[in-house]
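Here is how the chains run, residue by residue.
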Amino acid sequence: MTSSVIPTIRPARPEDVPAVVAMVHELAEYERAPEQCHLTTEQLTSALFGAGAASEEPSAPALFGHVAVDERDEPVGFALWFLNFSTWAGVHGIYLEDLYVRPSARGTGAGRMLLATLADICVRRGYRRLEWWMIDWNPAAGFYASIGAEQMSEWVPYRLSGDALRELATQATTVGTRKGD
């Protein structure tokens, strides 16, 4: 059943992490790959709030998040994102890693408001792009088209992982690398 209450969008807080992790696992189930999802609350806390979030020396986060919350301030949806960079445009953009709205909150505008929040960040900061990937059978394609998103068909995704990633890593040289690389 769809709620008639319009969710509020706000930046994710540490207390939202367990709910967001649960929703990431729900998303993996929806995308028919639950066995591939291993995210923990500790991992997401570290990524969103810095490796030392609980220590005296926090590091800068590399991941950002917003949640859609109901009238009880309980998360019902989320957007996890990070900055990318266009060498051609010379400016950052936002890459949306995941967007998910729980079935009970679909139809409330939560997904549109999460995307609108990220679009607003792009506009205010002078970023030129808000990009994401979508699994090809996702019925959200119609929604994305309705807000003006364009499907990028000329770029083909590649992924290096597992044994192939480890094998290529054995060919790396360390001459001239920066500290921390």
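See the structure above.
Given the structure is predicted, the values throughout are model-derived calculations rather than measurements.

1. Quick look at the packing of aromatic side chains
Thought 1: Throughout the structure, instances matching the rule amount to six aromatic pairs.
Thought 2: Centre to centre, the rings of phenylalanine 78 and tyrosine 100 are 6.3 Å apart; their planes meet at 40°, and the pair counts as tilted. Here the residue phenylalanine 78 occupies a position in strand 3 (residues 75-86), and tyrosine 100 occupies one in strand 4 (residues 91-101), the gap between them amounting to 22 residues.
Thought 3: According to the relative accessible area criterion, tyrosine 100 is buried, its value standing at 6%.
Thought 4: Measuring from ring centre to ring centre gives 5.5 Å for phenylalanine 143 and tyrosine 144, while their planes differ by 50°; the resulting arrangement is tilted.

2. What to know about unusual backbone geometry
Thought 1: In the Ramachandran plot, arginine 32 falls in the positive-phi region, its phi being about 65° despite a non-glycine side chain.
Thought 2: Within the element layout of this structure, arginine 32 appears in the loop between helix 1 (17-30) and helix 2 (41-49).
Thought 3: The exposure class of arginine 32 is exposed, given its relative accessible area of 60%.
Thought 4: One non-glycine residue, aspartate 73, lies in positive phi territory at about 65°.
Thought 5: Note on placement: aspartate 73 falls in the loop between strand 2 (64-69) and strand 3.
Thought 6: Using a relative accessible area of 34% as the deciding quantity, one classes aspartate 73 as partly exposed.

3. Notes on the sheet that holds strand 5 (residues 130-132)
Thought 1: Pairing in this open sheet of five strands is mixed, and the strands run 1-2-3-4-5 from one edge to the other. Both edges of this open sheet fall to strand 1 (8-11) and strand 5, since each of them pairs with a single strand only. This sheet shows a mean twist of 30° between the axes of neighbouring strands, independent of strand direction.
Thought 2: In this sheet, strand 5 lies alongside strand 4 in parallel orientation, the contact comprising three bridges. Paired with isoleucine 94 across the strands is leucine 130, a residue of strand 5.
Thought 3: Lying over the sheet, helix 1 contacts strand 2, strand 3 and strand 4, oriented at roughly 85° with respect to strand 3.
Thought 4: Lying on the sheet, helix 3 (residues 110-125) is in contact with strand 1, strand 2, strand 3, strand 4 and strand 5; it crosses strand 4 at an angle near 170°.

4. Re the pattern of salt bridges
Thought 1: Scanning all chains against the criterion turns up eight salt bridges.
Thought 2: Its salt-bridge partner being glutamate 26, residue arginine 102 comes within 2.9 Å of it at the nearest N-O pair. Note that arginine 102 is positioned in the loop between strand 4 and helix 3 and glutamate 26 in helix 1, a separation of 76 residues in sequence.
Thought 3: Residue glutamate 26 is classed as partly exposed on the basis of its relative accessible area of 27%.
Thought 4: In this structure, arginine 124 and aspartate 120 form a salt bridge, with 2.8 Å as the shortest nitrogen-oxygen distance. Taken together, the residues arginine 124 and aspartate 120, both in helix 3 and four residues apart, mark about one turn of the helix.
Thought 5: Here the residues in one salt-bridge network are Arg10, Arg13, Asp16 and Asp73, joined through shared partners.

5. Re helix 3
Thought 1: Given a rise of 1.5 Å per residue, 16 residues ought to cover 22 Å, and the 23 Å separating the end C-alpha atoms of helix 3 matches this to within 8%.
Thought 2: Listed in full, the buried residues belonging to helix 3 are Ala110, Gly111, Leu114, Leu115, Leu118, Ile121 and Cys122. Angularly, the buried residues of helix 3 cover 145° about the axis, an arc narrow enough to put them on a single face. With respect to the buried face of helix 3, the exposed residues turned more than 90 degrees away are Val123 and Arg124.
Thought 3: Lining the buried residues of helix 3 we find strand 1, strand 2, strand 3, strand 4, strand 5 and helix 4 (141-146).
Thought 4: Positioned one or two residues after helix 3, glycine 126 has a phi angle of 80°, which is positive.

Conventions and cut-offs
- Residues numbered from 1 in each chain as written.
- Predicted model: local features only at pLDDT ≥ 70, side-chain atom pairs only at ≥ 80, totals over all residues.
- Heavy atoms only, no water.
- Phe/Tyr/Trp six-rings, centres within 6.5 Å; stacked < 30°, edge-to-face > 60°.
- Helix = DSSP H or I, 4+ residues; strand = E, 2+ residues; numbered from the N terminus.
- Buried < 20%, exposed > 50% of the residue type's maximum accessible area, 1.4 Å probe, protein only.
- Pairing = 2+ DSSP bridges.
- Axes fitted to C-alpha atoms, helices over the stretch in contact; angles between N-to-C directions.
- Contact = heavy atoms within 4.5 Å.
- Salt bridge = Lys/Arg side-chain N within 4 Å of Asp/Glu carboxyl O.
- Expected span 1.5 Å × (residues − 1).
- Arc of directions from axis to C-beta.

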